[in-house]
Amino acid sequence: MKLETQQLIMTPITQADWSLFYALHVTPVVIEKCFDAPAEYELKTRFESRLNGWTPESDGWLTLVITEKQTHQKVGITGFILKDGIAEVGYLFMPEYYGKGYGTESLRAVINWAEDECGLDAFQAVVTEGNIASERVLEKCGFTLQEKIPEAYEIGGKRYADHIYLRR
């Protein structure tokens, strides 16, 4: 599997991507509006679960590594997990690649692939209150805010609302 856009290439995560996966889950500016840094053993378990190969029958995440075409630098990850026929999407980028439109470009490619290859037509995303850049990406990709759940999630000892976005 290989998805290509104007600026990006997305391929399934491999063992060689551990350092990127680790950095994306512990770098403070990346995770500040997403989650607390997990323990390393927990993160390693999460990583290993994503290496098994993905099919529409999988109960885990399809995780794709996003690489810049021009530089061949790995810039982030994207993907989804299926829950009751709805693909919950997610993405994380290293901070030096913020503001380049990669979130929107990669998410559109993942959605198009999921629609064409898997027949999916419903997508969801959960965004922590205050993660405005992520909300903009979702809106550009046709998602609409469906619900706000007050104090649903804790990051760094502070409670935040979850913003539930849907695209059909």
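A brief structural summary. Keep in mind the model is a prediction, meaning the values are calculated, not measured.

Attention shifts here to the nonpolar core. Counting 46 residues, the largest nonpolar core has Met10, Phe80, Val89, Leu107, Phe123, Leu138 and Phe143 as its most contacted members. Those residues in contact with phenylalanine 123, other than ones at most four positions away along the chain, are Ile86, Ala87, Val89, Ile111, Ala114, Glu115, Phe143, Tyr165, Leu166 and Arg167.

Let's shift gears to the pairing of strand β3 (residues 62-68). Of all 7 residues in β3, 7 are buried, a share of seventy percent or more. Across the two faces of β3 the burial is the same, with Leu62, Leu64, Ile66 and Glu68 and Thr63, Val65 and Thr67 all buried. Where strand β2 (residues 8-12) and β3 come together, 5 bridges link them in antiparallel fashion. Residue pairing across strands places leucine 8 opposite glutamate 68, the latter belonging to β3. Pairing analysis gives 6 bridges linking β3 to strand β4 (residues 74-83), with the strands arranged antiparallel. By the bridge assignment for β4, isoleucine 66 is matched with glycine 76.

Bringing the packing of aromatic side chains into the picture now. Considering all chains together, one arrives at 7 aromatic pairs under this definition. An angle of 50 degrees between the planes, with centres 5.2 Å apart, marks the rings of phenylalanine 21 and phenylalanine 47 as tilted. One end of the pair, phenylalanine 21, is in helix α1 (residues 18-26); the other, phenylalanine 47, is in helix α3 (residues 40-49), with 26 residues separating them in the sequence. Exposure remark for phenylalanine 47: the relative accessible area of 0% places this residue in the buried category. Members of the aromatic cluster, joined through ring pairs, are Trp18, Phe21, Tyr22 and Phe47. It is lysine 44 that lies over the ring of tryptophan 18; its NZ or CZ is 4.3 Å from the centre.

This part covers the side chain of serine 134. Topologically, serine 134 is positioned in helix α5 (residues 132-140). Setting aside its immediate chain neighbours within four residues, serine 134 contacts Tyr91 and Val127.

The next subject is the sheet that holds strand β6 (residues 123-128). Spatially, β1-β2-β3-β4-β5-β6-β8-β7 is the arrangement adopted by the 8 strands of the open sheet, whose pairing is mixed. Where the open sheet ends on each side, the last strands, each with one partner, are β1 (3-4) and β7 (144-155). Two strands pair when backbone bridges link them, and β6 and strand β8 (residues 158-167) are joined in this way by 6 bridges, in the antiparallel orientation. The residue bridging phenylalanine 123 from the neighbouring strand is arginine 167, located in β8.

This part is about α5. Within α5 the residues assigned to the buried category are Ser134, Glu135, Val137 and Leu138. The arc that holds the buried residues of α5, viewed along the axis, is 155 degrees, so those residues lie on one side. Exposed side chains of α5 directed beyond 90 degrees from the buried face belong to Ala133, Arg136 and Lys140. Against the buried residues of α5 lie β5 (86-93), α4 (102-118), β6 and β8.

Reading the values: the criteria
Residues numbered from 1 in each chain as written. Predicted model: local features only at pLDDT ≥ 70, side-chain atom pairs only at ≥ 80, totals over all residues. Heavy atoms only, no water. Core = buried A, V, L, I, M, F, W, Y, C linked by side-chain atoms within 4.5 Å. Buried < 20%, exposed > 50% of the residue type's maximum accessible area, 1.4 Å probe, protein only. Contact = heavy atoms within 4.5 Å. Helix = DSSP H or I, 4+ residues; strand = E, 2+ residues; numbered from the N terminus. Pairing = 2+ DSSP bridges. Phe/Tyr/Trp six-rings, centres within 6.5 Å; stacked < 30°, edge-to-face > 60°. Lys NZ or Arg CZ within 6 Å of the ring centre and 35° of its normal. Arc of directions from axis to C-beta.

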